[in-house]
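Structural overview for review
For reference, the chains in residue letters:
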Amino acid sequence: MSDAMQTGRVRSEHLSAALLRLLAVGAGAAVASSYYNQAFLGHLTTDFELTAGTAAIVPVLTQAGNALGVLFLAPLGDRLERKSLILVSIVALVAALIGAAVSPGFVWLAVASFAVGLFATVAQQIVPLAVHLAPPDSQGRALGTVTGGILIGILLARAASGIISDLWGWPYVFWLAAVVMSIVGAALARWLPRAMPTTNVGYLRLLGSLWTLVRKHGVLRRVVAVQFLIFATFISFWSNLALLMAEPQHELGGTAVGLLALVGVVGAIAAPIAGGLSDRRGPAVVVSMGAGLVILAFLIFGLWQGSIIGLVTGIVIMDLAVQSSQVANQSRVYALDPNARSRLNTIFMATMLAGGAVGAGIGGAAYAEWGWSGTCALGVISATLALLLSWKP
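What you see is a predicted model; the values in this text were computed from it and never measured.

Cut-offs and rules
Residues numbered from 1 in each chain as written. Predicted model: local features only at pLDDT ≥ 70, side-chain atom pairs only at ≥ 80, totals over all residues. Heavy atoms only, no water. Helix = DSSP H or I, 4+ residues; strand = E, 2+ residues; numbered from the N terminus. Buried < 20%, exposed > 50% of the residue type's maximum accessible area, 1.4 Å probe, protein only. Contact = heavy atoms within 4.5 Å. Areas by Shrake-Rupley, 256 points an atom, 1.4 Å probe, with all protein chains shown as cover. Polar contact = N/O pair within 3.5 Å; in protein donor to acceptor, adjacent residues only side chain to side chain. Axes fitted to C-alpha atoms, helices over the stretch in contact; angles between N-to-C directions. Parallel < 35°, antiparallel > 145°, perpendicular 65-115°, else oblique. Left-handed = near helix turned anticlockwise from the far one by under 90°. Nonpolar A, V, L, I, M, F, W, Y, C, P; charged D, E, K, R; others polar. Expected span 1.5 Å × (residues − 1). Core = buried A, V, L, I, M, F, W, Y, C linked by side-chain atoms within 4.5 Å. Domains from an automatic or database assignment. Patch = residues over 30% accessible without salt bridge, like charges linked within 9 Å, V, L, I, M, F, W, Y side chains within 5 Å. Salt bridge = Lys/Arg side-chain N within 4 Å of Asp/Glu carboxyl O. Phe/Tyr/Trp six-rings, centres within 6.5 Å; stacked < 30°, edge-to-face > 60°.

All right, on to the overall build of the protein chain then. If you tally the helices and strands in the protein chain, you get 18 helices and zero strands. When burial is assessed residue by residue, the protein chain has 59% of its 393 residues classed as buried. Of all intrachain contacts in the protein chain linking residues separated by at least 6 positions in sequence, the fraction that spans at least 24 positions is 84%. By element, 69% of the accessible surface of the protein chain is carried by carbon and sulfur atoms, the whole surface being about 15,200 Å².

On to the side chain of Gln330, then. Along the chain, the position of Gln330 falls in helix H16 (residues 308-334). Polar side-chain contacts of Gln330 include one of 3.0 Å to the side chain of Asn345. Apart from the residues within four sequence positions on either side, Gln330 is in contact with Gln124, Val127, Leu143, Thr147, Asn345, Phe348 and Met349.

Their axes nearest at 8 Å, the elements helix H2 (residues 17-32) and helix H8 (residues 123-133) cross at an angle of 160 degrees. By the angle between their directions, the pair H2 and H8 is classed as roughly antiparallel. Handedness of the crossing formed by H2 with H8: left-handed. Along its contact with H2, which presents Leu19, Leu20, Leu23, Gly26, Ala27, Ala30 and Val31, the element H8 presents Ala123, Ile126, Ala130 and Leu133. Counted by class, the contact of H2 with H8 contains ten nonpolar, one polar and no charged residues.

Attention now moves to H2. Taking 1.5 Å of rise per residue, 16 residues should cover 22 Å, and H2 covers 22 Å from first to last C-alpha, within 8% of that figure. For H2, the tally of buried residues reaches twelve of 16 residues, placing the bulk of the element in the interior. Every buried residue of H2 is accounted for by Leu19, Leu20, Leu22, Leu23, Ala24, Gly26, Ala27, Gly28, Ala29, Ala30, Val31 and Ala32.

Another point: the nonpolar core. Ranked by size, the top nonpolar core spans 116 residues in total, and within it Phe237 and Phe301 carry the most contacts. No other element matches the 16 residues that helix H12 (residues 218-245) contributes to this core. Two domains each donate at least three residues to this core, and these are domain 1 (14-200) and domain 2 (209-392). The contact partners of Phe301, leaving out residues within four places of it in the chain, are Phe237, Gly310, Leu311, Gly314, Ile315, Met318, Trp372 and Cys376.

Here we come to the packing of helix H17 (residues 341-370) against helix H18 (residues 372-391). Taken N-terminus to C-terminus, the directions of H17 and H18 make an angle of 140 degrees; their axes are 6 Å apart at the nearest point. By the criterion of interaxial angle, the relationship of H17 to H18 is oblique. For the element pair H17 and H18, the recorded crossing hand is right-handed. Within the contact between the two elements, H17 uses Gly359, Ile362, Gly363, Ala366, Tyr367 and Trp370 and H18 uses Trp372, Ser373, Gly374, Thr375 and Leu378.

Another point: a nonpolar patch on the surface. Residues Ile98, Val102, Trp108, Ile152, Leu156, Ile163, Leu167, Trp168, Tyr172, Trp175, Leu259 and Leu262 make up a contiguous nonpolar surface patch of roughly 1,200 Å² in combined accessible area. Put simply, the parts of the chain that give the nonpolar patch at least two residues each are helix H9 (139-167), helix H10 (171-191) and helix H13 (254-262). Of all the elements, H9 adds the most residues to the nonpolar patch, at four residues. For Leu262, the position within the fold is in helix H13. For Leu262, a relative accessible area of 34% gives the class partly exposed.

It is worth spelling out the environment of Lys83 at this point. Tracing the backbone shows Lys83 in helix H6 (residues 82-101). We classify Lys83 as buried; its relative accessible area is 16%. C-alpha of Lys83 to C-alpha of Gln125: the two residues are 42 residues apart in sequence and 9.3 Å apart in space. In this structure, Lys83 is in contact with Leu188, Ala189, Leu192, Pro193 and Arg194, ignoring residues within four places of it in sequence.

Structurally, Val107 is set in helix H7 (residues 106-119). In this structure Val107 comes out as exposed when scored by relative accessible area, which is 64%. Spatially, the C-alpha atoms of Val107 and Val58 are 9.4 Å apart, while their sequence positions differ by 49 residues.

So, on to the packing of aromatic side chains. Enumeration according to the criterion identifies twelve aromatic pairs in this entry. Measuring from ring centre to ring centre gives 6.3 Å for Trp170 and Phe174, while their planes differ by 85 degrees; the resulting arrangement is edge-to-face. Accessibility assignment for this pair places Trp170 and Phe174 in one class, buried. Ring centres of Phe237 and Trp238 lie 5.0 Å apart, and the angle between their planes is 90 degrees; on these two criteria the pair is classed as edge-to-face. Judged by relative accessible area, Phe237 falls into the buried class, the value being 0%.

As structure tokens, then:
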């Protein structure tokens, strides 16, 4: 049986609405593992007697682990049988989460956080698999559904993390995450179909082909630069929000951060809508609109400091903008080469997550030096650069 026939058989027999929902849940739960720590940084400063800048090392290392995991692990989706790769990655993620839960000190927690970020990138093995299994006329819907699941996972992660860390302590957040990922792994082991690789090149050649793809596609270079800048603003905001909430003008804990995160659910709604708008008007239009809205959101954050209403309004705008731009940019990337989707996704996500690590690091330094105004200024500058790049022909 030819590869094309085999792919068609897998798609027709195995892709269903229920499986697509399971993939969305799996991707969302995995990505959530990278975001739990953002809601309880205030607790870490107290428990380990840290400065705000030192506590920010935890999300920085998590995002750095994400970037390296996407770069060195996600490309294997084109080379290895995908179901087995996904299940092994989930087992490693559960082990990392347990390691974080039992951390006896800050250094241990920092190392475990890096490992959590590294293996949470199993989500980036699930996303191209969903597109691979979908029929050609449903790939946009599949991408939007899984992306929406990822956003919901991020939102619920912050909400649950904030509440649980306030009630019982931050280690219980990681214990819950380990249980959730164990359940997800069991469900995927039961219902996920086997998906054979699309290439048989060696691992080093596989990694080398990433640079070949970057050199070949100018669109890819521009897309990843724009997404790097937009995601840097996003992570800079969420990495510092818990610190802002702990300041005297608010004096609120992780629960408040979690509840604020929930208002970003509009982004989950926007993901499939953005996919449809991208099909009709072109992804460049959606990306430019997204960058412009991110600028607006950070202007609101900066001009209405101390206002919860201002925070809520800005979060709604920012989450909608960031998710819309990601879906539009990702759809452009996947269309470049159907036989290299895992590698194209690797380039896209590794660059984006590197932007998250840079945003968390520079954002933490800006907050430590200039307070919330520094975070807002960084967001405006980064999003403006993204807007300028998105306008280039």
